[in-house]
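In case you want the letters, here they are:
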Amino acid sequence: MSYQVDITIVGAGVIGLAIASQVASEGRAVYVLEKNQTFGQEASSRNSEVIHSGVYYPKDSLKARTCVEGNALLYELCQRHGIGHRKIGKLIVATDDAEVNELEKLWERGRSNGIKGLRLLNQQELSDLEPNVRGIAAIFSPSTGIIDSWGLMGHFAGKARDNGAHLAYRTEVTGIDRIPGGYKVSVRDPKGHFSFTTKVLINCAGLHSDKVAGMVGIDIARAGYRLHYCRGEYFSVSRGKANMVSRLIYPVPKAGEVGLGIHVNFDLGGRMRLGPDARYVDRIDYKVDDSQKRAFYDSVARFLPFIEYDDLEPEMVGIRAKLQAEGEDFRDFVISHECDRGLPQLINLIGIESPGLTSAPAIAKYVGRLVEEVLNNH
Ligand SMILES: Cc1cc2nc3c(=O)[nH]c(=O)nc-3n(C[C@H](O)[C@H](O)[C@H](O)COP(=O)(O)OP(=O)(O)OC[C@H]3O[C@@H](n4cnc5c(N)ncnc54)[C@H](O)[C@@H]3O)c2cc1C
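Being a predicted model, the structure only gives us computed values, none of them experimental.

Draft legend 1. Examining the overall build of the protein chain more closely. On a plain count of helices and strands, the protein chain comes out with nine helices and 20 strands. What you see for the protein chain is a C-alpha radius of gyration of 21 Å, in line with the 21 Å of a compact globule of 378 residues. Judged by the C-alpha coordinates and their principal axes, the protein chain covers about 70 × 40 × 40 Å. For the protein chain, buried positions account for 56% of its 378 residues. In the protein chain, the share of contacts with a sequence separation of at least 24, taken over all contacts with a separation of at least 6, comes to 73%. Accessible area of the protein chain: about 16,100 Å², with a carbon and sulfur share of 46%.

Shown next as structure tokens:
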């Protein structure tokens, strides 16, 4: 059978774009389909823009491996292509003895994940680095930084186009059928409905990736692919406080906590933000909820004594695509060639929550290898 398209990628967030830039090449018809007006309107532009080092994730998990590799790849990409970034470093701060115990476990985990330059600091060393932070010990991660996520996505989109990929916006995938040797993809765009055939289909639909997997006939509950939305709010901090710290400052995550704990992050313009918190929700709604202001203030006041309640202004919301429901244990990224389900040439990426932005270039290389295998074998 001949196909109209060689590779179709659903979703133009940072993951779909990074993969498109990896797999596009001369003589290959590669399409990226995106339901919104342009790329990066969902999780990829509603996040902390932190280049993580990989401290938090279990050894050998995809999250740990792709984060550590992605961290190095991102700095290399940023330097080579002039993408805005700053390697400002990060501190995870313990404020009591129980947290020091947890901090030491995190430090061991970070070292076993192969993160270079991690240091455990005592109170004096912490205060020498950040005199305005209150704590009794800290982990210093020098390879953590911040990045212009739009610049990164623009780079991937440009490279994909230069290599011949087509980016189709306002084009929503509404159905997928298995056909001999490939897939029939039904879409809706401003002109109406149509369908086409593709040899390889890559699902990078972020918050909707479980539904897209369901369109091919996968029972998402049985497969463990059902996504749970977890909202993260941000508050900006008065400009006058932005110089009080010069690194990203995180608390020690509490046992069973969903996120990393409300922390200090910066954008590249030097604006300080607090967030994100983590609350499971039933629907996607980006309206900022300023009733969380007190909870934000209380959670940072113990390690950031210079912040006052009135410094905080509601800023934005991001929604995490989590595979674990509330109260459940760690789940890794799903990056799966679905041949064992009788769906060869379909690659699902599901639950690509944090550190997905950092991991994007490493995930793209990983999927690139899967695609070459698929194309060579089919
Ligand atoms: C609050 C928050 C903070 C975070 N902070 C960080 C951080 O500091 N560092 C870090 O490394 N990571 C961070 N992350 C994680 C990171 O943002 C994500 O892992 C990453 O952006 C996921 O990218 P994506 O392309 O998978 O998803 P998205 O950016 O959501 O893109 C998916 C795309 O698929 C499209 N789509 C969906 N369904 C269809 C369809 N049927 N047809 C066509 N198109 C479709 C959507 O419109 C969307 O554009 C954070 C995430 C959140 C929510």
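Draft legend 2. Molecular detail of the pattern of salt bridges. Within this structure, the stated rule accounts for 23 salt bridges. Between Glu69 and Lys365 there is a salt bridge, with its nearest N and O atoms 3.5 Å apart. Here Glu69, found in helix 2 (residues 62-81), pairs with Lys365, found in helix 9 (residues 356-377); they are 296 residues apart in sequence, far enough to count as distant. Between Glu308 and Lys241 there is a salt bridge whose closest N-O contact spans 3.1 Å.

Draft legend 3. Region of interest: helix 3 (residues 97-112). The first and last C-alpha atoms of helix 3 sit 23 Å apart over 16 residues, in line with the 22 Å expected at 1.5 Å per residue. The complete set of buried residues in helix 3 reads Glu99, Val100, Leu103, Leu106, Trp107 and Gly110. Each buried residue of helix 3 lies within a common arc of 120° when the element is viewed along its axis, so the set occupies one face. Opposite the buried face of helix 3, at more than 90 degrees from it, the exposed residues are Asp97, Ala98 and Lys105. Packing partners of the buried residues in helix 3 comprise strand 5 (90-94), strand 6 (119-122) and strand 7 (137-141). Sitting at the amino-terminal end of helix 3 is Asp96, which places a side-chain oxygen 3.3 Å from the backbone nitrogen of Ala98. Gly114 occupies a position one or two residues after helix 3 and carries a positive phi of about 85°.

Draft legend 4. Local environment of the packing of helix 1 (residues 14-23) against helix 5 (residues 149-162). Here helix 1 crosses helix 5 at 35°, and the two axes come no closer than 8 Å. The way helix 1 lies across helix 5 gives a crossing that is left-handed. Side by side, helix 1 and helix 5 meet where Val14, Leu17, Ala18, Ala20 and Ser21 of the first sit next to Leu152, Met153, Phe156, Ala157, Lys159 and Ala160 of the second. Tallied by class, residues from the contact of helix 1 with helix 5 come to nine nonpolar, one polar and one charged.

Draft legend 5. Summary view of the side chain of Glu34. By the element assignment, Glu34 lies in the loop between strand 2 (30-33) and strand 3 (50-51). Sequence-distant contacts of Glu34, defined by excluding residues within four places in its chain, comprise Gly11, Ala12, Gly13, Ala168, Tyr169, Arg170 and Thr171.

Draft legend 6. Representation of the site of the ligand within the structure. With respect to spatial proximity, 37 residues lie near the ligand, and among them Glu34, Ser44, Val50, Ile352 and Thr358 are the closest. In this structure, an oxygen atom belonging to the ligand sits 3.1 Å away from a main-chain N or O atom of Ile15. Relative to its unbound accessible area of 1,000 Å², the ligand is 98% covered by the protein chains. Residue assignment for the shell around the ligand shows that the elements contributing at least two residues are helix 1, strand 10 (172-179), strand 18 (312-322) and helix 9. Of the residues contributing to the shell around the ligand, the split by class is 15 nonpolar, 14 polar and eight charged.

Draft legend 7. Local environment of the nonpolar core. Counting residues in hydrophobic clusters, the biggest one holds 46 residues, and the most contacted among them are Ile92, Ile249, Leu274 and Leu304. Setting aside residues up to four positions removed in sequence, Leu274 forms contacts with Glu233, Tyr234, Phe235, Val237, Ile262, His263, Val264, Phe296, Val300, Leu304, Ile307 and Leu312. Core analysis: the second largest hydrophobic core is formed by 44 residues, Val14, Ala18, Ala360 and Ile363 among them.

Draft legend 8. Representation of the packing of aromatic side chains within the structure. All chains considered together, the criterion is met by four aromatic pairs. Taken together, a centroid distance of 6.2 Å and an interplanar angle of 65° make the contact between Tyr56 and Tyr57 edge-to-face. Residue Tyr56 shares its accessibility class with Tyr57, and that shared class is buried. Here the aromatic rings of Phe235 and Phe296 are separated by 4.7 Å at their centres, their planes lie at 45°, and the arrangement is tilted. Of this pair, Phe235 sits in strand 13 (residues 228-237) while Phe296 sits in helix 8 (residues 293-301), and the two are 61 residues apart along the sequence. Residues Phe235 and Phe296 agree in their burial class; the two are buried. Just above the ring of Tyr250 sits the side chain of Lys90; from NZ or CZ to the centre is 3.5 Å. Geometry around Trp107 places Arg111 over its ring, the cationic atom sitting 4.5 Å from the centre.

Draft legend 9. Structural detail: the environment of Asn203. Within the fold, Asn203 resides in strand 12 (residues 192-203). Taking the C-alpha atoms as reference points, Asn203 and Asn348, 145 residues apart in sequence, are found 4.9 Å from one another. In this structure, Asn203 is in contact with Val10, Ser209, Val212, Ala213, Ile347, Asn348, Leu349 and Ile350, ignoring residues within four places of it in sequence. Separated by 3.2 Å, the side chain of Asn203 and the backbone nitrogen of Ala205 make a polar contact.

Procedures and definitions
Residues numbered from 1 in each chain as written. Predicted model: local features only at pLDDT ≥ 70, side-chain atom pairs only at ≥ 80, totals over all residues. Heavy atoms only, no water. Helix = DSSP H or I, 4+ residues; strand = E, 2+ residues; numbered from the N terminus. Rg over C-alpha atoms; globule rule 2.2 N^0.38 Å. Buried < 20%, exposed > 50% of the residue type's maximum accessible area, 1.4 Å probe, protein only. Contact = heavy atoms within 4.5 Å. Areas by Shrake-Rupley, 256 points an atom, 1.4 Å probe, with all protein chains shown as cover. Salt bridge = Lys/Arg side-chain N within 4 Å of Asp/Glu carboxyl O. Expected span 1.5 Å × (residues − 1). Arc of directions from axis to C-beta. Polar contact = N/O pair within 3.5 Å; in protein donor to acceptor, adjacent residues only side chain to side chain. Axes fitted to C-alpha atoms, helices over the stretch in contact; angles between N-to-C directions. Left-handed = near helix turned anticlockwise from the far one by under 90°. Nonpolar A, V, L, I, M, F, W, Y, C, P; charged D, E, K, R; others polar. Near = heavy atom within 4 Å. Core = buried A, V, L, I, M, F, W, Y, C linked by side-chain atoms within 4.5 Å. Phe/Tyr/Trp six-rings, centres within 6.5 Å; stacked < 30°, edge-to-face > 60°. Lys NZ or Arg CZ within 6 Å of the ring centre and 35° of its normal.

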